[in-house]
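# Topology and contacts: notes
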Amino acid sequence: MGELTTRERVYAEQVFQLYRLSRPAYAGTLITSSILVFALWGVVSSALLGAWLCVIFALTGARFLLYRAYIGLSPPETEARSWAKRFVIGAGATGLLWGVAGSVLYPVSSVEHQFLLIFLVGGMALSSMVILAPVQQAFLAYMLPAMSLMIATVFVLGTPLHLFMGSLMLVFLAVMLGISPVLSEMMRDALQAKFDTNVLVAQLSQANRELSEHIAAQRRSEEELRLSEQRYRYMFEANPLPMWIRDGETLKILGANAAALKTYGYTREEFLRLQPGDLHAQDDFDRFQEMMRTRDPDRGYRTYWRHRRKDGSVMDVETISHPFELDDGRRARLVLVHDITERKHAEQRLQMGHTVTRLLAESRSIEEALPQVLRTICESGGWTYGQRWALNRAANLMHCAESWCAADPRLEEFEAFNRSRMQTPGNGRGLIHRVWEANTPVWVDDLAQERQMQRGPMALKAGLRSAFAFPILVGDGFYGVMEFFGPEVRPPDAELVEIVRTMGSQVGQFMARKAAEQNLRFVASHDPLTGLFNRSMFNERLQQALAQAARFERTLALLFIDLDGFKVVNDTLGHSAGDQLLAELAARLRATLREGDVIGRMGGDEFVVLIEEFGDVAQVAEVAKKVLETVARPYPLQGRDFDVTASLGISLYPGDGKDAQTLLKNADIAMYLVKQQGKNSFR
């Protein structure tokens, strides 16, 4: 049999997590079923209750034995699907038993016991959404029979209360069916990331082994150099790696091979005149001085530095130094340099890519993710300043949305300068305009030579010498630009350019996905015509307000608004004019009421307003008058002014009801009394 694919291994891990998470569920099933039988004893047939309890205890015991068998055997990954099938069968049977409890054992004679039964069965179904999330089939097999039989039983009873309860249970069922795939997908993604990480660790381990072998070879070369003076001199001159000799006391460079001169760009005379710290980058100089002060002159060292070439460019190096004596007896130190810039860049790019991918996968919003992405790219690539320019499509302008910079007052001044600017399309040849125009990454290796970039002098003043930028794209859609600045002259890095080209698409897809999610949340909670809360969201806010009012002993008011004469507008001008009137009314209500007041559209021409934190009933009456005046102002429709009025019913918590349903019902009754008494008033 061939090697398992990553997808099959992920599925096997899902099955393992399914069994592992199910253990507390067995105890929960036994406890919950016992509570249910105890509560229904005397309300439902004792024989049926006893039989049902015996069956569910037996089935739970069998499922627990299946769990013990799986844990004890630790079956191979190739058998994952057969073990998953056994688990799904057990879960389906248990769900069916809970469905039987919700139908055959349904306590028709006691509403309180009905609510208890619905709460227990619904709670078991909800908990299964988490416990059975690793394998969605197990969740569906458990939840669907459990909820479907109970919902059908509730609807069969046929009373208004049961129809309302059944509808709520259907909504609950739909929500669980919607959330379940998301939870399962999140778990699969997490397991996939785990296996991807294992692959990366294996790759890094292989790279470390290769590096160890390389280091061992270099050590053998150094030992050979030490054994033979003649061989040492030959190898010193001919070695392809940069090498030089320092005086052990003064640190003056006494000699250098051709590779050192070529690598660093100096002539031999210039190289020999260099001072001890001249080759080190500014941020390494203090560490170099400290090491020279504290080092043991009799032992060799392997260290890592950032060296500066004659042209100002910086490279990452590994240096190996070994003490020896010159012919005249003076102490000296042989230094061998290995350029590891590409290796470090490759490691940093690899880590940067994984970190950015993880940030985009885990972040909940654009504002949370992109500052961290900027920082990751800067710290991984040696850039000291980064920012994102966001496109305002309506104005066709770009502004600085997020930025990150190292702790430096000059960089903070440059950041403030950028935040005060707006980028406009045109014929500019600066960094942003070139990316905007070409939809491709742009690299500037030396800002001092960039004459057409208006921000160039400010960047140079901040100590920045190089820059690059790339577009944020989704397909052909342009979302903005990310740009980065560094303190050294830096030639173009083709590999980095290719990576950020892909990264720009990743960021663009992330931004598009988050925008779509935000739109979806808005559509799910708001009326699409008026932009007000829909019935479901208003009821949720009302429930929250009632809980707060009960906790802190506050009052609140509910205004139920129904338009008078709206049908005439619809019948004479058409539904589009009616929609225009409703949208205009929603805008007026938002402008009239306080920012903290909650407004919702219940459907048709019915609106509701929730008022919290008012002084007395007279204040609510004043609000009702303002609402009536707002509604009564003429509405310009199709070149004419139309008048509508409103009938408004008011209910107060706690006097007119202590729950949402009662408050809404009493406000609705008050509104109909107003209509019967002549409309255009409140009660």
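Just above sits the structure.
Before going into details, it helps to say that this report is about the structure given with it. (Residues numbered from 1 in each chain as written. Predicted model: local features only at pLDDT ≥ 70, side-chain atom pairs only at ≥ 80, totals over all residues. Heavy atoms only, no water.)

### Brief notes about the side chain of His 280
Along the polypeptide, His 280 turns up in the loop between helix H9 (268–272) and helix H10 (282–294). Assessed through its relative accessible area of 8%, His 280 is described here as buried. The contacts of His 280, once residues within four sequence positions are left out, are Phe 288, Trp 305, Arg 306 and His 307. (Helix = DSSP H or I, 4+ residues; strand = E, 2+ residues; numbered from the N terminus. Buried < 20%, exposed > 50% of the residue type's maximum accessible area, 1.4 Å probe, protein only. Contact = heavy atoms within 4.5 Å.)

### Topic: the packing of helix H1 (residues 6–40) against helix H3 (residues 80–101)
For the pair H1 and H3, interaxial distance at closest approach is 11 Å and the crossing angle is 25°. When the axis of H1 is compared with that of H3, the two are roughly parallel. Judged by the sense of rotation from one axis to the other, the crossing of H1 with H3 is left-handed. Judged by residue contacts, Tyr 11, Ala 12, Val 15, Leu 18, Tyr 19, Ser 22, Tyr 26, Thr 29, Thr 32, Ser 33 and Leu 36 of H1 engage Ala 80, Arg 81, Trp 83, Ala 84, Arg 86, Phe 87, Trp 98 and Ala 101 from H3. By residue class, the composition of the contact of H1 with H3 is 13 nonpolar, four polar and two charged. (Axes fitted to C-alpha atoms, helices over the stretch in contact; angles between N-to-C directions. Parallel < 35°, antiparallel > 145°, perpendicular 65-115°, else oblique. Left-handed = near helix turned anticlockwise from the far one by under 90°. Nonpolar A, V, L, I, M, F, W, Y, C, P; charged D, E, K, R; others polar.)

### Looking at empty space enclosed by the protein
For the coordinates displayed, the defined rule picks out five cavities of 30 Å³ or more. Around the largest cavity sit 16 residues that line it, and Phe 288, Met 292, Thr 319, Ser 321 and Val 335 are the ones nearest its centre. Those elements that provide at least two residues to the lining of the largest cavity are strand S1 (243–247), H10, strand S3 (301–308), strand S4 (314–325) and strand S5 (331–339). If one sorts the elements of the lining of the largest cavity by residue count, S3 sits on top with four residues. Residue classes in the lining of the largest cavity are distributed as eight nonpolar, five polar and three charged. Roughly 80 Å³ of volume is contained in the second largest cavity. Around the second largest cavity sit His 345, Gln 348, Arg 349, Met 352, Ser 380, Gly 381, Trp 383, Arg 490, Asp 493 and Leu 496, which together line it. Secondary-structure elements contributing two or more residues to the lining of the second largest cavity are helix H11 (341–362) and helix H12 (366–381). The biggest single contributor to the lining of the second largest cavity is H11, with four residues. (1 Å grid on protein atoms, 1.4 Å probe; cavity = no way out; pocket = protein on both sides within 12 Å on 5 of 7 lines; lining within 4 Å. Points joined across faces, edges and corners; volume = space filled by probe spheres on them.)

### Some points on a nonpolar patch on the surface
On the surface, Val 111, Phe 115 and Leu 161 cluster together to form a nonpolar patch covering roughly 240 Å² of accessible area. With respect to the helices and strands, Leu 161 occurs in helix H6 (residues 160–227). (Patch = residues over 30% accessible without salt bridge, like charges linked within 9 Å, V, L, I, M, F, W, Y side chains within 5 Å. Areas by Shrake-Rupley, 256 points an atom, 1.4 Å probe, with all protein chains shown as cover. Salt bridge = Lys/Arg side-chain N within 4 Å of Asp/Glu carboxyl O.)

### Re the sheet that holds strand S13 (residues 598–603)
Neighbouring strands of a sheet are bound in pairs by backbone hydrogen bonds; such pairs are parallel or else antiparallel. Read from one edge to the other, the open sheet built from four strands follows the order S13-S14-S12-S17, with strand pairing classed as antiparallel. Where the open sheet ends on each side, the last strands, each with one partner, are S13 and strand S17 (645–653). The sheet shows a mean angle of 20° between the axes of neighbouring strands, taken without regard to direction. Taken together, the nine bridges between strand S12 (residues 556–564) and S17 define a ladder with antiparallel strand orientation. (Pairing = 2+ DSSP bridges.)

### Section: unusual backbone geometry
The omega torsion across Tyr 653 and Pro 654 is 10°, close enough to zero to call that bond cis. Here Pro 654 is to be found in the loop between S17 and helix H21 (660–676). At Glu 553, a position not held by glycine, the phi torsion is positive, near 55°. Looking at where Glu 553 falls in the secondary structure, it is placed in the loop between helix H17 (535–552) and S12.

### Here's the deal with the nonpolar core
Residues Val 15, Tyr 19, Leu 36, Trp 52, Phe 87, Trp 98 and Met 147 are the most contacted members of the largest nonpolar core, which totals 49 residues. Of all the secondary structure elements, the ones that give two or more residues to this core are H1, helix H2 (46–73), H3, helix H4 (111–131), helix H5 (136–157) and H6. Of all hydrophobic cores here, the second largest spans 34 residues; its members include Ala 557, Ala 577, Phe 607 and Leu 628. (Core = buried A, V, L, I, M, F, W, Y, C linked by side-chain atoms within 4.5 Å.)

### Side note on helix H13 (residues 409–419)
Regarding H13, the residues found buried are Leu 411, Phe 414, Glu 415 and Asn 418. Down the axis of H13, the buried side of the element spans an arc of 105°, and every buried residue falls inside it. Summarising the contacts, the buried residues of H13 are in contact with strand S6 (385–392), strand S7 (397–405), helix H15 (456–461) and strand S11 (477–486). (Arc of directions from axis to C-beta.)

### Some thoughts on the packing of H17 against H21
For the pair H17 and H21, the least separation of the axes is 10 Å and the interaxial angle reads 110°. By the angle class used here, H17 and H21 are roughly perpendicular. Of H21, the residues touching H17 (which contributes Asn 539, Leu 542, Gln 543 and Leu 546) are Ala 660, Leu 663 and Leu 664. Its residues assigned to classes, the contact of H17 with H21 shows five nonpolar, two polar and no charged.

### Focus on the packing of aromatic side chains
Scanning the entire structure with this criterion turns up 23 aromatic pairs. Centre to centre, the rings of Trp 443 and Phe 468 are 5.2 Å apart; their planes meet at 20°, and the pair counts as stacked. With Trp 443 in strand S9 (residues 442–444) and Phe 468 in strand S10 (residues 466–474), the pair connects residues that are 25 residues apart, well separated along the chain. Look at Trp 443 and you get buried, because its relative accessible area is 13%. (Phe/Tyr/Trp six-rings, centres within 6.5 Å; stacked < 30°, edge-to-face > 60°.)

### A word on the pairing of S1
With five of five residues buried, S1 is to be regarded as a mostly interior element. Relative to S5, S1 is paired through five bridges, and the arrangement is antiparallel. Its bridge partner lying in S5, Asp 247 is registered against Ala 332. Sheet topology places S1 next to strand S2 (residues 253–256); three bridges connect them, and they run antiparallel. Of the residues in S2, the one forming a bridge with Arg 246 is Ile 253. Taking the residues between adjacent antiparallel strands as the criterion, S1 and S2 are bridged by five residues, where Leu 251 takes a positive phi near 70°.

### Observations regarding the pattern of salt bridges
Summed over all chains, the structure comprises 28 salt bridges. Between Arg 330 and Asp 247 there is a salt bridge whose closest N-O contact spans 3.3 Å. With Arg 330 in the loop between S4 and S5 and Asp 247 in strand S1, this pair connects stretches of sequence that are 83 residues apart. Given a relative accessible area of 40%, Arg 330 falls into the partly exposed group. Note on Asp 247: relative accessible area 8%, which makes it buried. Here Glu 413 and Lys 461 are joined by a salt bridge, their closest N and O atoms 3.3 Å apart.

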